[in-house]
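Spelled out, the chains give:
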Amino acid sequence: MSQEKTTNPLVPMAIVVSIPVLVCLIIMLTDDGIERSLLWAAIKTGIILIVLGGAISFGVSRLAEKNTSR
C-alpha cells in the first residue's frame, strides 16, 4: 500500500500570487514618491499575515488528518 502525499493547496497559490507581488514591491522600492515607513509597515504586515495563514493552514491540515484516520 502506498500512501498518497496530499499537497497543501496554498503552496501553488502562494507561488502564483507572489510573482506579481514581488514585481510590485520592486517597483514601489524604486519609486521616490512612496514614503519608506509606510512601505516597510506594509511589508511587515504582509509577512505577519503570511505566517499566520501558514500556521492556520498547517493546523487545519493536521486536524483533518487526525480526524480522517479514525
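These notes cover the structure that comes with them.

1. Quick look at the environment of Pro9
One can find Pro9 in the segment before helix 1 (10–30). Here Pro9 falls in the exposed class, since its relative accessible area comes to 60%. Expressed as a C-alpha distance, the spacing of Pro9 and Ser57, which sit 48 residues apart in the sequence, is 9.4 Å.

2. Quick notes on the pattern of salt bridges
Under the criterion given, the structure shown has one salt bridge. Ionic pairing is found between Glu65 and Arg62, a salt bridge with its closest N-O pair at 3.1 Å. One end of the pair is Glu65 and the other is Arg62, both in helix 2 (residues 36–68) and three residues apart, which spans about a single turn. Residue classification places Glu65 among the partly exposed positions, given a relative accessible area of 48%.

3. Remarks on the layout of surface pockets
There is about 590 Å³ of room inside the largest pocket. If you go around the largest pocket, you meet 20 residues; those closest to its centre are Ser18, Val21, Gly46, Ile47 and Ile50. Residue assignment for the lining of the largest pocket shows that the elements contributing at least two residues are helix 1 and helix 2.

4. A few points about the packing of helix 1 against helix 2
One way to put it is that helix 1 packs onto helix 2 with a least axis distance of 13 Å and a crossing angle of 175°. Taken together, the axes of helix 1 and helix 2 are roughly antiparallel relative to one another. Residue-level contacts link Leu10, Leu25, Met28 and Leu29 of helix 1 to Arg36, Leu39, Trp40, Ile43, Gly53 and Ser57 of helix 2. Taken together, the residues of the contact of helix 1 with helix 2 sort by class into seven nonpolar, two polar and one charged.

Rules and cut-offs
Residues numbered from 1 in each chain as written. Predicted model: local features only at pLDDT ≥ 70, side-chain atom pairs only at ≥ 80, totals over all residues. Heavy atoms only, no water. Helix = DSSP H or I, 4+ residues; strand = E, 2+ residues; numbered from the N terminus. Buried < 20%, exposed > 50% of the residue type's maximum accessible area, 1.4 Å probe, protein only. Salt bridge = Lys/Arg side-chain N within 4 Å of Asp/Glu carboxyl O. 1 Å grid on protein atoms, 1.4 Å probe; cavity = no way out; pocket = protein on both sides within 12 Å on 5 of 7 lines; lining within 4 Å. Points joined across faces, edges and corners; volume = space filled by probe spheres on them. Axes fitted to C-alpha atoms, helices over the stretch in contact; angles between N-to-C directions. Parallel < 35°, antiparallel > 145°, perpendicular 65-115°, else oblique. Contact = heavy atoms within 4.5 Å. Nonpolar A, V, L, I, M, F, W, Y, C, P; charged D, E, K, R; others polar.

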